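Given next are the chains, with one letter for each unit.
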Amino acid sequence: MKKNRDFRDFVLTRFNGECDIEGRAEFDQKNDTLWQKILHVSIEPDPRLTPNKARIIALDHQMVEHPSGQYKRVIKTRAALLLYLLKQLRVDSYQANPEAQQIILSPYCLAQLQPYMP
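All chains use their own residue numbering, which begins from 1 and follows the written sequence. This being a predicted model, a pLDDT of at least 70 is required before a residue's local features are given, and a value of 80 or more before pairs of side-chain atoms are given or counted; all residues contribute to the totals for chains, interfaces and linings. Side-chain figures throughout are based on the complete set of non-hydrogen atoms in the structure, without hydrogens or water.

**Student:** Can you help me understand helix α2 (residues 51-60) in this one?
**Tutor:** Working note: α-helix, 3.6 residues per turn, so residues spaced by three or four point in the same direction. For each residue, the accessible area found with a 1.4 Å probe, counting protein chains only, is set against the maximum for its type, and the residue is called buried under 20%, exposed over 50%, and partly exposed in between. Only DSSP runs of H or I reaching four residues or more are called helices, and only runs of E reaching two or more are called strands; each is numbered from the N terminus. Regarding α2, the residues found buried are A54, I57 and A58. One side of α2 carries all its buried residues, which in axial view fall inside an arc of 105°. Residues L59 and D60 are exposed on α2 and point more than 90 degrees away from its buried face. By definition in these notes, contact holds between two residues if any of their heavy atoms fall within 4.5 Å. Residues of α2 that are buried make contact with β1 (38-45), β3 (71-78) and β4 (103-105). Looking one or two residues past α2, Q62 carries a phi angle of roughly 55°, positive in sign. For this quantity, the arc is that covered by the directions from the helix axis to the C-beta atoms.

So this is what it looks like as structure tokens:
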């Protein structure tokens, strides 16, 4: 009997007891498209911050200043790990206070990441 036919994300510490071996896997990591897809996540200081506060946030997050004067950092990650990265960066939800938000996804980046977000 086949359970599911896709890749799953498990919390390994929740496994206990004996496992049932169901046979050889039909697919391997080459078939996991979300694991194979590399994304570029571009972050920048929240534009609501003052220029001085934005510079401090940029330094905190190792952002590079571009000729336009805008600070950005690009982080490479696998599509399967995107939600974990966004949560770690605290850009998975919007904060009304710019000091609480501190960083945002670059608008173009946000549009590019939409297919990989719930």
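**Student:** I would appreciate a short explanation of the pairing of β1 in the present structure.
**Tutor:** Along a regular strand, successive side chains alternate from one face of the sheet to the other. β1 sits mainly inside the fold: 6 of its 8 residues count as buried. Between any two strands, at least two bridges found by DSSP are needed for them to pair. Here 6 bridges tie β1 to β3, and the two strands are oriented antiparallel to one another. Across the sheet, residue I43 finds its bridge partner in β3, namely R73.

**Student:** Please explain unusual backbone geometry as it appears in this structure.
**Tutor:** Glycine aside, residues mostly have negative phi angles, and peptide bonds mostly take the trans form. The backbone of R90 shows a phi angle near 65°, a positive value even though the residue is not glycine. Inspection of the secondary structure assignment puts R90 in the loop between α3 (82-89) and α4 (98-101). Positive phi is not limited to glycine here, since Q102 has a value of about 65°. Position of Q102 relative to the elements: it lies in the loop between α4 and β4. In this structure Q102 comes out as partly exposed when scored by relative accessible area, which is 32%.

**Student:** Is there a simple way to think about α3 in this case?
**Tutor:** For α3, the set of buried residues is L82, L85, L86 and L89. Buried residues in α3, looked at end-on, bunch into an arc of 95°, giving them a common side. Exposed residues on α3 whose side chains face more than 90 degrees from its buried face are K87 and Q88. Where α3 is buried, its residues meet β1, β3, β4 and α5 (107-113). Phi turns positive one or two residues past the end of α3, at R90, with a value near 65°.

**Student:** Looking at this structure, how should I read a nonpolar patch on the surface?
**Tutor:** In this analysis, a patch consists of residues with relative accessible area above 30% that form no salt bridge, clustered at 9 Å for like charges and at 5 Å for the nonpolar side chains Val, Leu, Ile, Met, Phe, Trp and Tyr. Areas reported as accessible are Shrake-Rupley estimates using a 1.4 Å probe. Residue values count occlusion only from the protein chains shown. Here, a salt bridge means any Lys or Arg side-chain nitrogen found within 4 Å of an Asp or Glu carboxyl oxygen. Taken together, the side chains of W35, L81 and Y84 define a hydrophobic patch exposed on the protein surface, amounting to about 290 Å² of accessible area. Summarising the element assignment, Y84 is placed in helix α3. By relative accessible area, which is 49% here, Y84 ends up partly exposed.

**Student:** Sorry if this is basic, but what is going on with the pattern of salt bridges here?
**Tutor:** Between side chains of opposite charge, a pair can form as their charged atoms come close. Here the structure, examined in full by the defined rule, presents 2 salt bridges. Ionic pairing is found between D46 and R48, a salt bridge with its closest N-O pair at 2.7 Å. Since its relative accessible area comes to 2%, D46 is described here as buried. Assessed through its relative accessible area of 34%, R48 is described here as partly exposed. Where E99 meets K53, a salt bridge forms, and the shortest distance between an N and an O atom there is 3.0 Å. In this pair, E99 is assigned in helix α4 and K53 in helix α2, connecting sequence segments 46 residues apart. Its relative accessible area of 38% is what places E99 among the partly exposed residues.

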